[in-house]
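Next come the chains, spelled out residue by residue.
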Amino acid sequence: MRSKILAALAATSLAVILAACGGGGSDTPAAPVTTTISGSAVKGPVSGGTVTVKNAATGAILGTTSTGPGGVYSLSVPFSGDVIVEVLGGTYTDEASGAPTPLATPLRVVLNANGGSVTGVVTPLTTMAYTYAFQGSTPVTKAAFDARAQALATQFGLADVNLATTLPVVTGTTNAYGESLRALSHYMKDNGRTLAMVTNAVFANAGDLSAFNTLYNNALAKSGSSIRVNFTANGFNISGTGVGGGTGTCGVHVQGTVTAGGFIVPLSLDYCVSGIAAASCTSGNATLSQAVSNQQGMVGAANLAYSYAPTCAAGAFAINLL
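Residues numbered from 1 in each chain as written. Predicted model: local features only at pLDDT ≥ 70, side-chain atom pairs only at ≥ 80, totals over all residues. Heavy atoms only, no water.

(A) Broad picture of the sheet that holds strand β1 (residues 35–40). In spatial order, the strands read β4-β1-β9; together these three strands make up an open sheet with mixed pairing. Two strands lie at the open edges of the sheet, namely β4 (72–77) and β9 (117–119), each paired on one side alone. On average, each strand axis in the sheet is tilted by 20 degrees relative to the strand beside it, whichever way the strands run. The pairing of β1 with β9 spans three bridges and is parallel. By the bridge assignment for β9, T36 is matched with S117. (Pairing = 2+ DSSP bridges. Helix = DSSP H or I, 4+ residues; strand = E, 2+ residues; numbered from the N terminus. Axes fitted to C-alpha atoms, helices over the stretch in contact; angles between N-to-C directions.)

This is the structure:
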């Protein structure tokens, strides 16, 4: 009799346990991992902009919110993995004109939602990095974005700045990041450029880069910044000239001044030329002269001096002669 009672109690206990677990053999779905994403959208600071967080792999919208005063935003999304933070709409105060300006083109940054809290600062420079990193059908990843953003920061004289996590200070006592954004505003105003033209720019040749470098340095001077930059991109190929195809490489440094808009600014550019004849890295190489001749026709360029080295400087603009 005692054994029957114990057996009945055991069966009852098992039934209660199974009921509490939702029935025998069923699994309760795990709660989604939530990531809190916060930061700022700054051109000047963008107030009233719509912030959209997207799955970087699929483009699916994970959450939306709005920027408050100072461009600040924060939201939580049920996701872990690489995400795109996009800001559009709202207004900012343009540093060059002082006028309230609608944000009519999206600003973007790529982050990794890690199930905790992450910071995402969205600016024209992070958007330029996005444009460079993800041309065509290139998959959007944080690793690819970070590599391009670091290169871009170095090109803008911000080598020690993480573009995606550092807050630009554009008013009062500015920081270097803020000075770069202020200079972009002056560059746009003085040269008839829109924000979309800047953030979507992919410089196709050394002439385009040289022109931008000159005009941007003028804007830095006009905005009161003491920093100067040497803007470069990944490089480009030249074919059809009949001078490429060699196995040699040469580092070329160009130094001088450029006068434009009433300002005299230093010109300092590094090139890495490949495809020349081996062991021909000298001033007498006509191929090199042709490859780096863009400064010769630059309006306002003066006092240009060229130096040559068998190795290339870090961050040099690459010219590949085919």
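From this point on, the discussion continues.
(B) Geometry of the pairing of β4. Alternating residues of β4 divide into Y73, L75 and V77, all buried, and V72, S74 and S76, none buried. The pairing of β1 with β4 spans six bridges and is antiparallel. Its bridge partner lying in β4, S40 is registered against V72. (Buried < 20%, exposed > 50% of the residue type's maximum accessible area, 1.4 Å probe, protein only.)

(C) Highlighting helix α2 (residues 124–133). Most of α2 sits inside the fold, with 10 of its 10 residues counted as buried. For α2, every residue scored as buried is listed here: P124, L125, T126, T127, M128, A129, Y130, T131, Y132 and A133. Looking at the buried side of α2, the elements it contacts are β5 (81–88), β8 (107–113), α3 (142–155), α4 (176–191) and α5 (195–199). If you check the start of α2, you find a side-chain oxygen 3.1 Å away from the backbone N of L125, and it comes from T123. (Contact = heavy atoms within 4.5 Å. Polar contact = N/O pair within 3.5 Å; in protein donor to acceptor, adjacent residues only side chain to side chain.)

(D) Broad picture of the sheet that holds β8. What the four strands build is an open sheet, ordered β3-β2-β5-β8; its pairing is antiparallel. Only two strands of the sheet have a single neighbouring strand rather than two, namely β3 (61–66) and β8. Between one strand axis and the next, the sheet turns through 20 degrees on average, direction left out of account. The pairing of β5 with β8 spans seven bridges and is antiparallel. Residue V87 lies in a different strand from β8, and its bridge partner there is L107. Where α2 meets the sheet, its contacts fall on β5 and β8, and the angle it forms with β8 comes to roughly 75 degrees. α3 contacts β5 and β8 of the sheet and is inclined by roughly 125 degrees relative to β8.

(E) Highlighting the packing of aromatic side chains. Within the structure shown, the criterion is met by one aromatic pair. When the ring of Y130 is compared with that of F134, the centres are 5.0 Å apart and the planes differ by 70 degrees; the resulting orientation is edge-to-face. Owing to a relative accessible area of 9%, F134 belongs among the buried residues under this scheme. Above the ring of Y132, the side-chain terminus of R148 is found at 4.9 Å from the ring centroid. (Phe/Tyr/Trp six-rings, centres within 6.5 Å; stacked < 30°, edge-to-face > 60°. Lys NZ or Arg CZ within 6 Å of the ring centre and 35° of its normal.)

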